[in-house]
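# Structural features, examined
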Amino acid sequence: MELYGDRVVLRPVTEDETAVLDRIVREPEVAVWWPPPDTYEGKLAVVLGRAVIGAIQFDEKTDPDYRHAGIDIFLTARHHGQGLGTDAVRTLARWLVTDRGHHRLTIDPAAANTAAIRCYGKVGFRPVGVMRAYELDHRTGLWRDGLLMDLLAGELT
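Within every chain, residues take consecutive numbers counted from 1 along the sequence as written. In keeping with the predicted nature of the model, local features appear solely for residues at pLDDT of at least 70, side-chain atom pairs appear and are counted solely at 80 or more, and the whole-chain, interface and lining totals rest on all residues. Only hydrogens and water are set aside when side-chain values are computed; all heavy atoms of the structure are taken into account.

### Some details on helix α1 (residues 18–25)
Applicable threshold: Throughout this description, buried means an accessible area under 20% of the type-specific maximum (1.4 Å probe, protein chains only), exposed means over 50%, and partly exposed covers the range between. For helices the rule is a DSSP run of H or I covering at least 4 residues; for strands it is a run of E covering at least 2, with both sets numbered from the N terminus onward. In this description, the arc belongs to the directions extending from the helix axis to the C-beta atoms.
Within α1 the residues assigned to the buried category are L21, I24 and V25. Within α1, the buried residues cover an arc of 90° as seen down the axis, which keeps them to one side.

Following this line, the structure appears as structure tokens:
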């Protein structure tokens, strides 16, 4: 599976790319929001040109009464603020809506992660509410709030 955005390509992570992703997720600007994952299995590499610049993942809820999908992403700090995260999220969202048939998508950044919230808003995600003490900050051991955002299929920009 390869998904083509305006500037990035999303495709399954290969074994050779795990070391690159491990370095990215340990960058201070990324590590503040993302703990190092146990595995990159099931994640998609975010590729710019020939370089892996991050990873994006999705999960699907298949219960017919609550069917929807969620998205998470991280990019190397070197490519923050360039619209590449927006392109990657929009590309995956479009596939989840068009090809996978989801009518609703969610994303749940830390409430203090204003850059991520701004990025997701550009795709059409809207704040739904604050989830208090939602995720454990792996660096401090303290709980921090998360912002639940969602997007309905017709709102995808």
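### Focus: the sheet that holds strand β7 (residues 126–136)
Here is the rule we go by: When DSSP locates at least two bridges between a pair of strands, those strands are taken to pair. The criterion used for residue contact is that any of the two residues' heavy atoms lie within 4.5 Å. For every element, the axis is a line fit to its C-alpha atoms; helices are fit only across the contacting stretch, and the angle between N-to-C directions ranges from 0 to 180 degrees.
If you trace the eight strands from one edge of the open sheet to the other, you get β1-β2-β3-β4-β5-β6-β8-β7, paired in mixed fashion. Where the open sheet ends on each side, the last strands, each with one partner, are β1 (3–4) and β7. Lying on the sheet, α1 is in contact with β4 (51–61) and β5 (68–75); it crosses β4 at an angle near 90°.

### Comments concerning the pattern of salt bridges
Note the threshold: For salt bridges, the criterion is a side-chain nitrogen of Lys or Arg within 4 Å of an Asp or Glu carboxyl oxygen.
The full count for this structure, using the stated rule, is nine salt bridges. Residue D59 pairs with K61 through a salt bridge whose shortest N-O separation is 2.9 Å. Measuring nitrogen to oxygen at the nearest pair gives 3.2 Å for the salt bridge that ties D137 to R144. In terms of burial, D137 and R144 fall into one category: buried. Shared partners join several salt bridges into a network, and the residues in it are E135, D137, R139 and R144.

### Thoughts on the side chain of H68
Inclusion rule: Polar contact is the term for a pair of N or O atoms within 3.5 Å; when the atoms are in protein, one must be able to donate a hydrogen and the other to accept it, and sequence-neighboring residues count only if both atoms are side-chain atoms.
Among the secondary structure elements, H68 is positioned in strand β5. For H68, the side chain forms a polar contact with the main-chain oxygen of Y66, separated by 2.8 Å.

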